[in-house]
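# A look at the structure
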Amino acid sequence: MKKRFLIYVILCLVMLSGCIQHTEVHNVLFNVSRLPSSGSRIFFEEINLEIDKITAMDEDSIMVYSAMPVNVTKDEMTAIAEYAGINEYDLIDNKQTLSLKDMSGNAIIVFKASGSIQCNFSKEKEIGEIGQTAKYSDDAYIEMAERWLSSTGLLSEDYQTKKPIIKDNGFITKTLDNGQEYAYPTVKTVEFMYKDLNGIEVNGVAPRIVVDVSLDGDIVSVTKIQRQYQTFRAFPSLKLDKAVENLVNGIGTIYTSGDVDNRGTVKTARLVYYNMEVMDASPYLIPVYVFEGYSGRGEFIAVTYAIDEQYFSFANQTNMSSDNEIDQK
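Residues numbered from 1 in each chain as written. Predicted model: local features only at pLDDT ≥ 70, side-chain atom pairs only at ≥ 80, totals over all residues. Heavy atoms only, no water.

Before going further, it helps to spend a moment on the overall build of the chain. Counting its secondary structure elements, the chain contains 4 helices and 20 strands. Split into buried and exposed, the 329 residues of the chain put 43% on the buried side. A separation threshold of at least 6 residues defines the contact pool for the chain, and within that pool the share at least 24 residues apart is 71%. Carbon and sulfur atoms make up 48% of the accessible area of the chain, which amounts to about 18300 Å² in all. (Helix = DSSP H or I, 4+ residues; strand = E, 2+ residues; numbered from the N terminus. Buried < 20%, exposed > 50% of the residue type's maximum accessible area, 1.4 Å probe, protein only. Contact = heavy atoms within 4.5 Å. Areas by Shrake-Rupley, 256 points an atom, 1.4 Å probe, with all protein chains shown as cover.)

So this is what it looks like as structure tokens:
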């Protein structure tokens, strides 16, 4: 009798613990920024799923991560300044930022809420003096960026797991003798992306290091969007059809190119973590679906939440315009 009663008590406790865990998940509200609005002229009345490729969507639940600010000290800033050749400067400490500036226009700014760093170095040249052709190979520009970041301590391990991305940037338009306009790059932009979390890519305005290198090989600017993450809680994932329904109902962002109509067809879908705030620390890293497809004679990329909005608190948040970046791969 006692044995049967003990088994009954254990079963009750197991069932109760399961109920408590279920209740906790469904009552959790965490503060996030809304996905930017697509605008009144970009919407779909219908979206069809004809998916050829699905990436990282095998689980019934998805982990949400919470962000922790990275502390950058004055000593670390002065070490960067010393390596960059900035000798005489003013150090300004206010509520939002810690900044170091000199009379030549060189500046190093730390955003306290996140620990993100922005460095700008004065390399002023007249338009006619700016080189129009690259002097080095792309690999050489990447090596220059890596060397600078390693020497200043900015190339931390979390940003070394992926191959750097390089692209032309800083375009200047020049009018040729025949009247035609020609745009040429003035810098090579090298990006070092943040590592994947739980096998899922971190996207949006994601943690990354961006280095602009002039065609002559000078480091022009460095931006490090810094984050550290810890696991917060796993939430049930939305099914694709529900996520698409949400997108039709205006929950999410649609980016279009070309001549689109009011119907879209999704060809690829991937699950990514999405960070929206640039220099201020977003409190949570949210999983989203990124859909790519076509509409009419155009194409689109759409972003919508991969977990239900019932878990979100949008207190003191305003809907933003769709200026945030989604990497296309």
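Additional details are given in the paragraphs that follow.
Our focus in this paragraph is the nonpolar core. I108, L149, F192, V211, V222 and F291 are the most contacted members of the largest nonpolar core, which has 74 residues in total. Among the elements that line this core, the one with the most residues is strand β18 (residues 284–295), at 7 residues. Those residues in contact with V211, other than ones at most four positions away along the chain, are A145, L149, K188, T189, V190, F192, I219, S221 and V222. (Core = buried A, V, L, I, M, F, W, Y, C linked by side-chain atoms within 4.5 Å.)

Moving on, we come to the confidence of the model for the chain. The predicted model of the chain averages 80 in pLDDT, with 77% of residues at 70 or higher. Of all the helices and strands in the chain, helix α1 (residues 2–27) carries the lowest mean pLDDT, 37, while helix α3 (residues 138–152) carries the highest, 96. Across residues 1–24, confidence stays below pLDDT 50; counting only partners more than four residues off in sequence or on other chains, it has 1 contact. (pLDDT = per-residue confidence, 0-100.)

It is worth spelling out the packing of aromatic side chains at this point. As enumerated under the stated definition, the model contains 12 aromatic pairs in all. Ring centres of F44 and F300 lie 5.0 Å apart, and the angle between their planes is 65 degrees; on these two criteria the pair is classed as edge-to-face. Here F44 is found in the loop between β1 (30–31) and β2 (46–55), whereas its partner F300 is found in strand β19 (residues 298–305), with 256 residues between them in sequence. Residues F44 and F300 agree in their burial class; the two are buried. Plain terms: the ring middles of Y194 and Y229 are 5.8 Å apart, the flat faces sit at 80 degrees to each other, and that makes the pair edge-to-face. One end of the pair, Y194, is in the loop between β11 (187–193) and β12 (202–204); the other, Y229, is in strand β15 (residues 228–236), and 35 residues separate them in sequence. Take Y194: its relative accessible area is 3%, and that puts it in the buried class. Of the aromatic side chains, those joined through ring pairs into one cluster are F232, F235, Y284 and Y311. (Phe/Tyr/Trp six-rings, centres within 6.5 Å; stacked < 30°, edge-to-face > 60°.)

Per the stated rule, a full pass over the model turns up 15 salt bridges. E191 serves as the salt-bridge partner of R208, at 3.0 Å between the closest nitrogen and oxygen. Residue R208 is found in strand β13 (residues 208–214), and its partner E191 is found in strand β11; the two are separated by 17 residues along the sequence. With relative accessibility at 5%, the residue R208 sits in the buried group. Linking R270 and E201 is a salt bridge whose minimum nitrogen-to-oxygen distance equals 3.0 Å. In this pair, R270 sits in strand β17 (residues 263–275) while E201 sits in the loop between β11 and β12, placing the two residues 69 residues apart along the sequence. (Salt bridge = Lys/Arg side-chain N within 4 Å of Asp/Glu carboxyl O.)

Moving on to the sheet that holds strand β5 (residues 97–101). Overall, antiparallel pairing links the 8 strands, which are arranged β4-β5-β6-β7-β14-β13-β11-β8 in an open sheet. Strand pairing shows two members of the sheet lacking a second neighbour, β4 (90–93) and β8 (165–169), which therefore form its edges. Averaged over all pairs of adjacent strands, the angle between their axes in this sheet comes to 15 degrees, without regard to strand direction. Note that strand β7 (residues 116–120) and strand β14 (residues 219–225) share 4 bridges and pair antiparallel. Across the sheet, the residue bridging to Q118 is T223, located in β14. Where helix α2 (residues 74–84) meets the sheet, its contacts fall on β4, β5, β6 (107–111) and β7, and the angle it forms with β5 comes to roughly 30 degrees. The strands touched by α3 within the sheet are β8, β11, β13 and β14, with β11 carrying the most contacts at an inclination of about 60 degrees. (Pairing = 2+ DSSP bridges. Axes fitted to C-alpha atoms, helices over the stretch in contact; angles between N-to-C directions.)

Time to look at the pairing of β19. For β19, the buried fraction is high: 7 of the 8 residues fall into the buried class. Where strand β16 (residues 253–257) meets β19, 5 bridges bridge the pair, whose relative direction is antiparallel. When the bridges of β19 are listed, I254 appears paired with A302. Relative to β19, β18 runs antiparallel, the two being bridged by 8 bridges. The partner of S295 across the bridge, within β19, is G298.

To continue, consider the environment of G264. With respect to the helices, strands and loops of the structure, G264 is situated in strand β17. On the basis of relative accessibility, which here comes to 1%, the residue G264 falls in the buried class. Taking C-alpha positions, G264 is 8.5 Å from E299, a pair spaced 35 residues apart along the chain. Contact partners of G264, with chain neighbours within four places excluded, come to F44, E46, I47, N48, Y294, S295 and F300.

With that out of the way, let us pick up the side chain of S221. Following the sequence through the fold, S221 ends up in strand β14. Apart from the residues within four sequence positions on either side, S221 is in contact with C119, N120, F121, V210, V211 and D212.

Glancing now at helix α4 (residues 240–248). Along α4, the residues that are buried comprise L240, A243, V244, N246 and L247. The arc that holds the buried residues of α4, viewed along the axis, is 155 degrees, so those residues lie on one side. Following α4 by one or two positions, G250 adopts a phi angle in the positive range, close to 90 degrees. (Arc of directions from axis to C-beta.)

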